[in-house]
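Take a look at the letters that make up each chain.
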Amino acid sequence: MVTAEPVKTRKGQELIPVGTTLTKQLISRMEFYGITSCSIDEASVLTKEEIQAALQTAMNQKLGSAQTEQTGAPAMQNTAKHTPKEEVAYSQKIKRSKTFQEYSVHSTLVTHTLRQQLEGFVFENRPLDFDALLTSVKSLITPGQTIIQYFDMLHNLRSNDDSVYGHSLNVAMISRILGKWLKWNSTDLDNLIIAGLLHDIGKLKIPPEILNKEGKLTDEEFDQIRWHPRAGYDLIRDLKVDSRIKKAALQHHERCDGSGYPMKADEIMLDDFAMVIAIADVYDAMTAARKYRAPLCPFQVIREFERDGYHKFKTEYLLTFLRHIATTYQNNRVILSDGRAAKIILLNQHSLSTPLVQLDDGSCLDLATSSLYIQSII
């Protein structure tokens, strides 16, 4: 798809010029700035058959380019390439594991419990049972489970229609992980879980036909979406809970440079809990599948944060988060944007999204000096 008009932020800053072909990265950048739609040149929209043909052509070109680079000879047509199968096999291996299947069932039950509690509170005026919520969420934390195992399960649980409840559970878990990396105490970690579970409660006050609308939102509908942090704060304002939980609901879409909503607050006004929830909220949204794109891999998300995030999120928290996420995948095998497989052997501390990788032929490639990037973890 090609943009029919320039894509601009709410402040009028041009993000994407007119006539630009949209990519996953550009769409994710729009999401990063809270832009939910844009005008598309109808003549640029391909049919399903044209898309499949274009993808096949691109794949053949990538395979040919990779083989030419490695051997100096043109690629033979239909040359077998192991990396796509390897990527699928890794995902399937996770999904077939007993640990994943148990986690999937358990996570579904916890999400159901969260849904019952939130809907009962919002629509039936029933009290929230915070002890029960904490117990159910903490039951997902298995002793001995590594961070990479948790993120592997999180990424493979995703679907195109992740609900408010599934997203809120993920944000609660990711926030707790970041809180541990920041060395916060156990009480704060428990409060972070509750803050994550409640951060999007205001979305329950938005009409479902607007919240789940697939087409372009009108300005009025978009304003209703942006109203949900204040609606969430109003819902929980009188609860006897840590005030930081309430501030997280109100401020999780605020940004340190004043570009967020609903108050356009700057860093001086923002609560620490809200800044942790904000990072977890964006990470979960960008690594989730959408109807218009596949989920982004962690290194693609790191790249988006490095490009636009340091002036928007609390630098200390964001750096801690990105460094730990990148370190989590040290020595992992990955697929590069040209289709080749490689192994991460050394992180670049000044550009975490572009580590030094070793290709299957034994040669090394510094992604910091290359146009290639990590497309997926395998």
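Residues numbered from 1 in each chain as written. Predicted model: local features only at pLDDT ≥ 70, side-chain atom pairs only at ≥ 80, totals over all residues. Heavy atoms only, no water.

Undergrad: Can you walk me through the overall build of the chain in this structure?
TA: When you go through the chain residue by residue, the secondary structure sums to 15 helices and seven strands. Taking all 378 residues of the chain together, 48% fall into the buried category. In the form shown here, the chain has an accessible surface area of approximately 18,700 Å², with 52% of it arising from carbon and sulfur atoms. (Helix = DSSP H or I, 4+ residues; strand = E, 2+ residues; numbered from the N terminus. Buried < 20%, exposed > 50% of the residue type's maximum accessible area, 1.4 Å probe, protein only. Areas by Shrake-Rupley, 256 points an atom, 1.4 Å probe, with all protein chains shown as cover.)

Undergrad: Explain the nonpolar core to me, please; I cannot follow it from the model alone.
TA: Within soluble globular proteins, side chains that are nonpolar generally end up buried alongside one another. Formed by 82 residues in total, the largest nonpolar core has its most connected members in F151, L197, F299, F305, F321 and L336. Take this core: its biggest share by element is ten residues, from helix α13 (residues 272–286). Each residue touching F321, except ones within four places of it in the same chain, is listed here: I174, L178, W181, I279 and Y283. Ranked by size, the runner-up nonpolar core spans nine residues in total, among them V7, L26, I27 and M30. (Core = buried A, V, L, I, M, F, W, Y, C linked by side-chain atoms within 4.5 Å. Contact = heavy atoms within 4.5 Å.)

Undergrad: It is not clear to me how the pairing of strand β4 (residues 341–346) should be interpreted in this structure. Could you clarify?
TA: Taken residue by residue, a regular strand's side chains alternate between the two faces of the sheet. Across three bridges, the pairing between strand β3 (residues 333–336) and β4 is antiparallel. If you follow R333 over to β4, its bridge partner there is K343. Between β3 and β4, which pair antiparallel one after the other, the connecting turn spans four residues, and G339 there sits at a positive phi close to 95°. Note that β4 and strand β5 (residues 356–359) share four bridges and pair antiparallel. Looking at β5, one finds that I344 is bridged to V357. (Pairing = 2+ DSSP bridges.)

Undergrad: Explain unusual backbone geometry to me, please; I cannot follow it from the model alone.
TA: Leaving glycine aside, a negative phi is the common case for residues, and trans is the common case for peptide bonds. Look at the link from Y261 to P262: it is a cis peptide, with omega at 15°. Within the secondary structure layout, P262 lies in the loop between α12 (243–251) and α13. Despite not being glycine, N125 shows a phi value in the positive range, around 60°. According to the relative accessible area criterion, N125 is exposed, its value standing at 69%. Of note in this structure, K264 is not a glycine but carries a positive phi near 55°. Relative to the assigned elements, K264 resides in the loop between α12 and α13. Given the relative accessible area of 43%, K264 is considered partly exposed.

Undergrad: What is the right way to read the packing of aromatic side chains from this model?
TA: Each pair of aromatic rings is reported with the distance of its centres and the angle of its planes. Counted by the stated rule, this structure contains nine aromatic pairs. Residues W181 and F321 carry aromatic rings whose centres are separated by 6.0 Å and whose planes lie at 50° to one another, so their mutual orientation is tilted. Taken together, the residues W181 in helix α7 (residues 164–181) and F321 in helix α15 (residues 315–328) connect sequence positions 140 residues apart. Geometrically, the ring pair formed by W184 and Y317 is edge-to-face, given 5.9 Å between the ring centres and 80° between the ring planes. Of this pair, W184 sits in the loop between α7 and α8 (186–198) while Y317 sits in helix α15, and the two are 133 residues apart along the sequence. Neither residue differs from the other here; W184 and Y317 are each classed as buried. Residue placement shows R303 over the ring face of Y373; its charged tip is 4.3 Å from the ring centre. (Phe/Tyr/Trp six-rings, centres within 6.5 Å; stacked < 30°, edge-to-face > 60°. Lys NZ or Arg CZ within 6 Å of the ring centre and 35° of its normal.)

Undergrad: Would you mind showing me how to read the environment of S39 here?
TA: Checked against the element boundaries, S39 lands in the loop between α1 (24–32) and α2 (48–71). Judged by relative accessible area, which is 19%, S39 ranks as buried. Beyond its immediate chain neighbours, meaning those up to four positions away, S39 contacts V2, T3, A4, E5 and K216.

Undergrad: Looking at this structure, I do not really get the sheet that holds β3. What am I missing?
TA: Picture the strands of a sheet paired through backbone hydrogen bonds; they go either parallel or antiparallel. Here we have five strands laid out as an open sheet, ordered β6-β5-β4-β3-β7, and antiparallel in their pairing. Sheet topology places β6 (364–366) and β7 (374–377) at the edges, where each strand pairs with a single neighbour. Each strand of the sheet is rotated relative to its neighbour by a mean of 40°, with strand direction disregarded. The pairing of β5 with β6 spans three bridges and is antiparallel. Bridge pairing links Q358 to C364 in β6. Packed onto the sheet, helix α14 (residues 298–308) meets β4 and β7 and runs at close to 135° relative to β7. (Axes fitted to C-alpha atoms, helices over the stretch in contact; angles between N-to-C directions.)

Undergrad: Is there a simple way to explain helix α5 (residues 130–138) in this structure?
TA: One turn of an α-helix holds 3.6 residues; hence residues three or four places apart share an orientation. Turning to α5, its buried residues number three or more, namely L133, L134, S136 and V137. Angularly, the buried residues of α5 cover 165° about the axis, an arc narrow enough to put them on a single face. Seen from the buried face of α5, the exposed residues on the opposite side, beyond 90 degrees, are D131 and T135. On its buried side, α5 packs onto α4 (98–124), α7 and α8. Here α5 starts with a cap whose side-chain oxygen sits 3.3 Å from the backbone nitrogen of D131, and that cap is D129. (Arc of directions from axis to C-beta. Polar contact = N/O pair within 3.5 Å; in protein donor to acceptor, adjacent residues only side chain to side chain.)

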